[in-house]
Structures are given as structure tokens and as C-alpha cells.
Amino acid sequence: MYASNPWGGPMEIVNGGDTTEDERSRNLTTEWDRASVMHQYQHHGALDETQQSWLLGPPEEKKKKKYVDLGCVVCSRKLLKWTMWLFALAFLVIALPVIIAKTIPKHKPHEPPPDEYTAVLHKALMFFNAQKSGRLPSNNGVSWRGNSGLQDGSALTDVKGGLVGGYYDSGENVKYHFPMSFAMTMLSWSVIEYEAKYRAIGEYDHVRDLIKWGTDYLLLTFNNTATKVEKIYSQVGGGLVNSTTPDDNYCWERPEDMDYARPVQSTYSGPDLAGEMAAAFAAASIVFRDNIAYSAKLVKGAATVFAFARDFAKRTTYSKGNPYIEYYYNSTGYYDEYMWGSAWLYYATGNTSYISLATNPGIPKNAKAFLMTPKLSVLSWDNKLPAAMLLLTRLRIFLNPGYPYEDMLQMYQNVTGLTMCSYLQNFHVFNWTQAGLIELNVNGQANPDLQYVVNAAFLASLYADYLNASAIPGWNCGPTFISTDVLRQFATSQIDYILGSNPLNMSYVVGNGKNYPKRVHHRAASIPHDKNKYSCTGGWKWRDSANPNPNTITGAMVGGPDHSDKFKDLRNNYTYTEPTMAGNAGLVAALVSLTSSGGYGIDKNTIFSAVPPLYPVTPPPPPPWKP
């Protein structure tokens, strides 16, 4: 009866084979009822809600996507949420560990302790603090020293404020301007070559202060605002030999207590003094290149005093005929200062007139530079030849200016090499003590003087650094090739001897180790720092006392042992126990060249800062050919 589907299409019973009769009956009834309702819908219109619910079941709810308006971009809220979660995860995994790692204090590896050379260098520089004259800074660091020499030069009418400041030379209270200038040049040279080392060991500002203390004072000794001067003050204080008049030699008083006359010496002809002062100013101007005004003032002062030195009418040594100077710091010539001063002025200014003078054949000829006399191979406050030739050799090694300077520069380098050969024991140029100290005796001195030894050590170490910096493994002493290591060994052996590697296990630098001179020939160190003032002769009891000095003059290098490696710690024997400015300047230079605490090697370029690019001059054509 109901063979056909009233909605159209066949009527099928799903899973007919598995359905019971009752189930088929129920299904059929359901289909019929729905058909009846549809029939009514077709005839009567819309169904009520109950009928729709029964026929169609609950309506399917379609979820709407939610969006977020970010202003310039509209994105899905779900996507935004996932993105934010990813960023949060990335922060936790990557950024947070990095932030924590950076905020946690880092445990840097401990730096190696400073080597012995650095430790002694700190002390050697303190010696200059103990030698200061004038009104001392609050941070001078030497408790038993105070203001002194405040009336020096007060009677002079052409120097406002007098000649206050500078340094006392040694154990006496005399300010010798010639060796003081040399000491400032040596300190400046060491800073120019080894600035990085001074910075690394924390002494750069200190050594600059020491240099400026000296150059500030030396600028007072002539009219530094003029371009031409007729006079230079060459010394403050002093005394006559075997005099019983109260003076710096006869009296034994602290600098703070000086109550005797301190005469000022003037020179109207002194190419040696003026040449050394020019070197000191020029070298210091490179040290203070960051202080443009002060550097320019030093350069101007150097040019002024060097013009004084070159004045043909003023070519008599500064010490000649002056009993206050000649016996103590007599100068034997001035052509070495011409070479030395002009070399430094060239580096400070780049003015080729100075390098032309330094390489003029007449200068080394008059200085006897090429005769290879042993004593002229010894650098001292009096003889600058070996240092000047090494300084000019530097120009050839690193800049190689060529013609017209090459021939003379090559000669200077050849002589420099021979000087270094003379320092080596196997060539037997100088005598040596049995324990290995070179005896660089000058002027017939009976005992070796350590001030010359440290200068030689500095030159040797510096030349080795020049060669190493230019990848040159060594040089020839005749047919024998010598490596730079041999030169370095010479320098270290001499400094090591001075610091205690000797038969007495004695350090000749005060305050280094436990065994060092305790009775240094030094007025201020030997008199107790008390409230008592000792008169000119009242201080003799401290001079003649067998007791150790009550004040330790830290860093002072004394004269040293005799030729038998023996030493007498006697205050009244200055040959053994007196320190000097020039000696300590050489010691500082040698120590900084050898220390490894601040690295190795030299600063190749700073010294050439003012030197313009070099374009070798074309040599003149050969003479016409003649048959």
C-alpha cells in the first residue's frame, strides 16, 4: 500500500537484515508521522516552535570568530593570544637567562702579580717625591718631607716669585739644573716609549706629575716668553770645596731648616746646559701632547734655549771657571747636546732644520762620535752620544727617510751596534766584577757607579725592543751575529745584580727586600722627623752616627759596590751610599723597559706624532762624464 515514498525517491530500510519487526514498525510510524506533519506544513504554512523542535531538532550554533583591532592591523584574538604566549615563552627561555647572566657578578681570573721590576719601579719613582723642593702637594706621599727652599732666588728681579720648586739633586740640598734636565729627558723618553706599561701598572699620572714638576721649574730659569735670551740660571745653592762657610756642603740640615745663603748661579754661555734643557722640554712636549697649551709652551721654551745653545758667541761650557759647579757637575763638551737636543726638537716639531743639524757631519766629528772611545759609549748626564745616536737610529729603523739623511743615520746605527757589542762581556771592552757587574768607569773613578750601569741596561733593552718591533732578529759584532735575546740578557743581568743577585744578597735600591743600605748619604733621611731644628753643625751628629737613618728614602739607588763586589754601608762615604737624580732616572727607564706587568714592546708611533710625511729628496745628478 505504501510502496512508494511520498517525499519522492525510494524508501529504503537501512540494515534491514538486522532489524526486528517491532523496530521496522516503529521506524515506519515515525516516517509516517513526519510525513503527516510535512503535509500539514505544506498546506497550512509555518510550524509552531514545538513542531519545529520535534521535526528539526535543536539548531546548530555556529561560533563566531573574534577579532582584535590593533589600530593598523586587525587580527584574530586567538592568533594574538598564541603570539603573546610564544613571546612569553621566548622571553623565559632566551632573554631571561641572558639578563640573569649579565647581572650576576663575574668572577674575573686573578691577574698575575706584578714582577719584581714593577714592584721596584713603584719605589724608584717615589725617590723623586722625596727630592722635591718648594711647596709640596698634599699627596706627595713622603711624610718626613715638607715645604722647603721657598726663598730660593727671591732676590732676583727678573724672575717673579723666585726659583722655587724643582728637585734637590742628591744627598745635598743643591739644585743642579744640568743633571736635573737630563733626568727629566730620561723620564720623558721612557714614558714616550712605554706609555702603555706605565698606564697598566698605574704609574702614568704619577710619572707625568714628576716630569711636570721638573719642567715647570726649568721654565723659570730663563725668560720663557722671549724668543731670544742672553742668560740662563744654572744652579741654586751649593758650596765651595773645603769651605768652612755655612753652605749646602758644609752644613748638615734638613731642606726645611736651611738657614744659610743659597747663591744662584747664572750662565751667559752654556750650549751644553741649554742643549740639555731643550731636549728635556722637547721630550716632555711629546709626553704632554694631550695638553695642547702646555705642550706648545714647552716647544717654545725648547726652541728658545736651543737658539741660545747655537749662538756662536756663547760656545763655552756652562761650568767652565765656576767653582760652585766645575768640581761637581763639570761638562766636558757640548756637541753631544747639539745632536741630542736637535733630535728631540725634530721629533717635537717636525722642523727639518733640526734633523738636518742632527745629521750634519760636523756634529759627530766634533763630538768624536765615530772614534769608538770606550768612555764615549757610556751614557751619562755629561755624555749623551750613545743615547742621541740610538734616538736617531730609531728614525732610520721605523721611518727610513732616505736621502739626504740616510748616510749619517746608517753611521749612527753602525756605531749604536758597536756600542751594544761593547756592553757584552765576551768582547772585553770594559772590566767586570767577578760576580758579573759591568764597570762603566768614567773620569778615572775607582769604583763602578750604578748610574752608568742602569743607563746601559736601558739602552740595551730599548735597542732590543727596536729590533724586535721591526722583526730584526739581531745584529753583527764583527763576524759574530748577536741575537736580541743576548742584549736583553745583559740588561736583566745588570738590573738583577742591582736588585740583589750579587754575593752580598744586597739590594742597592732602598726599600727593596730586607737587605738594603740603611745609612744612605742623605741629609733629610738621616735627621729624625721631629720638632727639633738642628743647626748647620748641630746636624753633624746625624751625619756621623753609626745608626741607620730614621727615615727610609724609598726607591733611592745608591752609588753601589766596589770592583770586588764589596759594599760599605757608611753615611759619610758618599761613593757607596749617595743617590742621585740622574741615577734614579736611568733606573726607572731600565725597569719600565724590562717589566712584563704591562706587556712587552714599545710604542712605535707616538714619538713621530709631529713628524710630517717624509718624501725623500731626489739626490743630485752625477757630475758630467769626462773622457
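Quantities reported herein were computed from a predicted structural model and do not represent experimental measurements.

Trainee: Help me understand the overall build of the chain in this model?
Mentor: Each helix and strand in the chain was counted, giving 21 helices and nine strands. Residues counted as buried form 50% of the 627 residues belonging to the chain. Summarising the internal contacts of the chain: among those between residues at least 6 apart in sequence, 73% fall at separations of at least 24. About 31,000 Å² of surface is accessible on the chain, with carbon and sulfur atoms providing 55% of the total.

Trainee: Explanation requested: the state of the cysteines in the structure shown.
Mentor: What is meant by a disulfide is a covalent connection between two cysteines, made through their sulfur atoms. Evaluated as defined, the whole model comprises two disulfides. The disulfide partner of Cys 251 is Cys 536, and the S-S distance across this bridge is 2.0 Å. Its torsion about the S-S bond being -90°, the disulfide of Cys 251 and Cys 536 is classed as left-handed. One end of the pair, Cys 251, is in the loop between strand S4 (232-236) and strand S5 (264-267); the other, Cys 536, is in the loop between helix H18 (523-526) and helix H19 (540-543), with 285 residues separating them in the sequence. Here Cys 251 and Cys 536 have matching classes, each one buried.

Trainee: Please explain the nonpolar core as it appears in this structure.
Mentor: Nonpolar side chains tend toward joint burial in soluble globular proteins. Core analysis: the biggest nonpolar cluster contains 162 residues, and Trp 189, Trp 344, Tyr 347 and Ile 495 have the highest contact counts within it. Top contributing element to this core by residue count: helix H16 (residues 450-469), with 14 residues. Once you skip the residues sitting within four places of it in the chain, Ile 495 turns out to touch Tyr 117, Val 454, Ala 457, Ala 590, Leu 591 and Leu 594. Counting five residues, the second largest nonpolar core, distinct from the first, contains Tyr 168, Cys 251, Tyr 260 and Cys 536.

Trainee: Would you mind showing me how to read the confidence of the model for the chain here?
Mentor: In low-pLDDT segments, the atomic positions of the prediction should not be examined closely. Mean pLDDT for the chain: 88, with 83% of residues reaching 70 or above. Contacts of residues 1-47 to residues separated by more than four positions or lying in other chains number 25 contacts, the stretch itself having pLDDT below 50. For residues 50-57, every residue scores under 50 in pLDDT, and the model assigns this stretch eight contacts once sequence neighbours within four places are set aside.

Trainee: I'm lost on helix H15 (residues 406-422) in this one. Help?
Mentor: At 3.6 residues per turn, the α-helix brings residues three or four places apart onto the same side. Compared with an ideal rise of 1.5 Å per residue, which puts 17 residues at 24 Å, H15 spans 24 Å between its outermost C-alpha atoms and is within 8% of the ideal. Burial analysis of H15 places 12 of its 17 residues in the buried class, which makes it a mostly covered element. Looking at H15, one finds that the buried residues are Glu 406, Met 408, Leu 409, Tyr 412, Gln 413, Val 415, Thr 416, Gly 417, Thr 419, Met 420, Cys 421 and Ser 422.

Trainee: Explain the pairing of strand S9 (residues 480-483) to me, please; I cannot follow it from the model alone.
Mentor: As a general feature of sheets, a regular strand has side chains that alternate between the two faces. Inspection of the sheet shows strand S8 (residues 474-477) paired to S9 by four bridges, in the antiparallel sense. By the bridge assignment for S9, Asn 476 is matched with Phe 481. In this antiparallel pair of consecutive strands, S8 and S9, the connection spans two residues, and Gly 478 shows a positive phi of 65°.

Trainee: I tried to follow the side chain of Thr 416 on my own but got confused; where do I start?
Mentor: You can see Thr 416 is positioned in helix H15. The class of Thr 416 is buried, set by a relative accessible area of 2%. Not counting residues up to four positions away in its chain, the partners in contact with Thr 416 are Met 389, Leu 390, Thr 393 and Tyr 463.

Trainee: Would you mind going over the pattern of salt bridges with me for this structure?
Mentor: Any two side chains of opposite charge can pair if their charged atoms end up close together. Considering all chains together, one arrives at 20 salt bridges under this definition. The residue Arg 394 makes a salt bridge to Glu 193 at a minimum N-O spacing of 2.8 Å. Separated by 201 residues along the polypeptide, Arg 394 in helix H14 (residues 385-398) and Glu 193 in helix H5 (residues 177-193) bring together distant segments of the chain. With respect to class, Arg 394 is no different from Glu 193; both count as buried. For Glu 230, the salt bridge identified is with Lys 314, shortest N-O distance 2.7 Å. Placement of the pair is Glu 230 in the loop between helix H7 (204-218) and S4 and Lys 314 in the loop between helix H9 (292-310) and helix H10 (326-329), with a sequence separation of 84 residues. Exposure remark for Glu 230: the relative accessible area of 43% places this residue in the partly exposed category. Shared partners join several salt bridges into a network, and the residues in it are Asp 152, Lys 175, Asp 248 and Arg 262.

Trainee: Quick question: what am I supposed to make of a nonpolar patch on the surface here?
Mentor: Together, Val 241, Tyr 327 and Tyr 574 give the surface a local cluster of nonpolar side chains, amounting to about 350 Å² of exposed area. With respect to the helices, strands and loops of the structure, Tyr 327 is situated in helix H10. Judged by its relative accessible area of 56%, Tyr 327 falls in the exposed class.

Trainee: Any chance you could explain the packing of helix H8 (residues 271-287) against H9 here in plain terms?
Mentor: A pair of packed helices is captured by two measures, namely the crossing angle of their axes and the spacing between those axes. Following both chains from N to C, one finds H8 and H9 inclined at 160°, their axes separated by 8 Å at the closest point. As the angle between them shows, H8 and H9 are arranged roughly antiparallel. Seen from above, H8 lies across H9 with left-handed handedness. When H8 is examined against H9, the residues Pro 271, Ala 274, Gly 275, Met 277, Ala 278, Phe 281, Ala 282, Ala 284 and Ser 285 are found in contact with a partner set consisting of Ser 295, Leu 298, Val 299, Gly 301, Ala 302, Val 305, Phe 306, Phe 308 and Ala 309. Partitioning the contact of H8 with H9 into residue classes produces 14 nonpolar, four polar and no charged.

Cut-off values and rules
Residues numbered from 1 in each chain as written. Predicted model: local features only at pLDDT ≥ 70, side-chain atom pairs only at ≥ 80, totals over all residues. Heavy atoms only, no water. Helix = DSSP H or I, 4+ residues; strand = E, 2+ residues; numbered from the N terminus. Buried < 20%, exposed > 50% of the residue type's maximum accessible area, 1.4 Å probe, protein only. Contact = heavy atoms within 4.5 Å. Areas by Shrake-Rupley, 256 points an atom, 1.4 Å probe, with all protein chains shown as cover. Disulfide = S-S within 2.5 Å. Core = buried A, V, L, I, M, F, W, Y, C linked by side-chain atoms within 4.5 Å. pLDDT = per-residue confidence, 0-100. Expected span 1.5 Å × (residues − 1). Pairing = 2+ DSSP bridges. Salt bridge = Lys/Arg side-chain N within 4 Å of Asp/Glu carboxyl O. Patch = residues over 30% accessible without salt bridge, like charges linked within 9 Å, V, L, I, M, F, W, Y side chains within 5 Å. Axes fitted to C-alpha atoms, helices over the stretch in contact; angles between N-to-C directions. Parallel < 35°, antiparallel > 145°, perpendicular 65-115°, else oblique. Left-handed = near helix turned anticlockwise from the far one by under 90°. Nonpolar A, V, L, I, M, F, W, Y, C, P; charged D, E, K, R; others polar.

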